[in-house]
Amino acid sequence: MQLIDTHVHINFDAFEADLEAVRDRWRTNGVVQLVHSCVTPAEFTKTQALADRFPELFFSVGLHPLDAGLWQADLDRQIRELASSDKRVVAIGEMGLDFFKADNHKWQIEVFRSQLQIAIDLDLPVIIHCRDAAIMMHQVCQEFWQEFGRVRGVMHCWAGTPAETQWFLDLGFYISFSGVVTFKNAAQIQASAKIVPIERLLIETDCPFLAPVPKRGKRNEPAFVSYVASYLAQLRGESLDTLADRTTANARQLFRLPVLAPIG
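Let me begin by describing the structure that accompanies this report. Bear in mind the structure is a predicted one, so any value in this text is a computation, not a measurement.

Parameters at a glance
- Residues numbered from 1 in each chain as written.
- Predicted model: local features only at pLDDT ≥ 70, side-chain atom pairs only at ≥ 80, totals over all residues.
- Heavy atoms only, no water.
- Phe/Tyr/Trp six-rings, centres within 6.5 Å; stacked < 30°, edge-to-face > 60°.
- Helix = DSSP H or I, 4+ residues; strand = E, 2+ residues; numbered from the N terminus.
- Buried < 20%, exposed > 50% of the residue type's maximum accessible area, 1.4 Å probe, protein only.
- Lys NZ or Arg CZ within 6 Å of the ring centre and 35° of its normal.
- Salt bridge = Lys/Arg side-chain N within 4 Å of Asp/Glu carboxyl O.
- Core = buried A, V, L, I, M, F, W, Y, C linked by side-chain atoms within 4.5 Å.
- Contact = heavy atoms within 4.5 Å.
- Pairing = 2+ DSSP bridges.
- Axes fitted to C-alpha atoms, helices over the stretch in contact; angles between N-to-C directions.
- Expected span 1.5 Å × (residues − 1).
- Arc of directions from axis to C-beta.
- Right-handed = clockwise from strand over helix to strand, strands pointing away.

## Quick notes on the packing of aromatic side chains
- Scanning all chains against the criterion turns up 10 aromatic pairs.
- Arranged with centres 5.4 Å apart and planes meeting at 80 degrees, the rings of W26 and F54 form a pair that is edge-to-face. Note that W26 is positioned in helix α1 (residues 19-28) and F54 in the loop between α2 (44-53) and β3 (57-61), a separation of 28 residues in sequence. F54 shares its class with W26; the two are buried.
- Among the aromatic residues, ring-to-ring pairing joins F144, W145, F148, W158, W167, F168 and F173 into one connected group.
- The ring of F100 carries the charged tip of R131 above its face, separated from the ring centre by 3.7 Å.
- Geometry around F183 places R216 over its ring, the cationic atom sitting 3.6 Å from the centre.

As structure tokens, then:
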């Protein structure tokens, strides 16, 4: 069984002491590729070095909505140059809207639209963070699609209602579920996970955050994406092999990942 963790942050200090062991565990648990999401361009060099160490690691470059205050014209140029400088860059992001932790809504929207434009110019998908902002996210995407054309991408660590989920499916997005879907109080997310067509489904850890049951409360790591896959297969009434095969194929299609020879 092969799995792809489509959203990790293994550059964080939480992994500094034992990253080689973390790598061994993800390989042992069938994780054959990972997509590392940069939250600021300042992370790019460190993430690039991680990809040098781990050939199964690919990555994105972008600006997280909670860092939107850092945006300036030069950052647009920097993201474009970084995204074009390394063939292992497979997406623009993590980008989007977060109205839960910040109230600079108008500026977040401006920064989000700027990064959508980068993605369409470079023909790269987007990794979208959306928290307490689904209505505005949908509106901005609809308007951008009508003006400039459709952008490929994924709604990462999705926590929206089934109705909101359908909005983004209708826009052509993939929907990715993290360990949050395994939580007891996640009935809304679980209902959304049931309606996503298997050809649009992705899995992730968002590590080191949000470890799934039975690891909840611990540091999350890529190996734990196997728990997300197992839970979703049971929830959706699908075999684990079917869900693993299809989410792996979906990730490779969206991010244009190569099929790598087995490692180790």
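Read on for the rest.
## Some details on the pattern of salt bridges
- If you walk through the whole model with that rule in mind, you get 18 salt bridges.
- A salt bridge links D24 to R23, with the shortest nitrogen-to-oxygen separation between them at 2.8 Å.
- D121 serves as the salt-bridge partner of R80, at 3.0 Å between the closest nitrogen and oxygen. Taken together, the positions of R80 in helix α3 (residues 73-85) and D121 in helix α4 (residues 105-122) put the pair 41 residues apart, joining distant regions of the chain.

## Some thoughts on unusual backbone geometry
- Cis peptide bonds are those with omega within 30 degrees of zero, and the linkage from G93 to E94 qualifies with 15 degrees.
- Position of E94 relative to the elements: it lies in strand β4 (residues 89-98).
- Cis geometry is found at the peptide bond from C207 to P208, where omega equals 15 degrees.
- Inspection of the secondary structure puts P208 in the loop between β8 (201-203) and α8 (225-236).

## Considering the nonpolar core
- Ranked by internal contacts, the top residues of the largest apolar core, which has 74 residues, are I10, I92 and F177.
- Excluding its chain neighbours within four sequence positions, the residues that come into contact with I92 are S60, V61, I79, A83, Q115, I118, A119, L124, P125, V126 and I127.
- Listed in part, the 13 residues of the second largest apolar core include I4, F58, L202 and L254.

## Structural notes on the sheet that holds β8
- Read from one edge of the open sheet, eight strands run β1-β2-β3-β4-β5-β6-β7-β8, paired in parallel fashion. On the outer flanks of this sheet lie β1 (3-8) and β8, each paired with one strand and no other. Here the strands of the sheet are splayed against their neighbours by 30 degrees on average, with no regard to which way each runs.
- Packing against the sheet, α4 makes contact with β4 and β5 (126-131), and its axis sits at approximately 160 degrees to β4.

## Side note on α3
- The first and last C-alpha atoms of α3 sit 19 Å apart over 13 residues, in line with the 18 Å expected at 1.5 Å per residue.
- Those residues of α3 lying buried are L75, D76, I79, L82 and A83. Taken down its axis, α3 places every buried residue within 140 degrees of arc, on the same side. Away from its buried face, by an angle of more than 90 degrees, α3 presents the exposed residues A73 and S84.

## Side note on the environment of G149
- Following the sequence through the fold, G149 ends up in the loop between α5 (134-148) and β6 (153-155).
- The spacing of G149 and S84 is 65 residues in sequence and 21 Å in space, taken between C-alpha atoms.

## Observations concerning the pairing of β5
- Counting buried positions over the six residues of β5 gives five, a clear majority of the element.
- Bridge count between β4 and β5: five bridges; the pairing is parallel. Considered in β5, the bridge of I92 is made with V126.
- Sheet analysis places β5 next to β6, joined by three bridges and oriented parallel. Looking at the pairing, V126 lines up with G153 of β6.
- Viewed along the sheet, the connection from β5 through α5 into β6 turns out right-handed.

## Considering the pairing of β4
- β4 sits mainly inside the fold: 10 of its 10 residues count as buried.
- In terms of strand pairing, β3 meets β4 through three bridges, oriented parallel. When the sheet's bridge partners are listed, V61 is paired in β4 with I92.
- The β-α-β motif built from β4, the intervening α4 and the parallel element β5 has right-handed crossover chirality.

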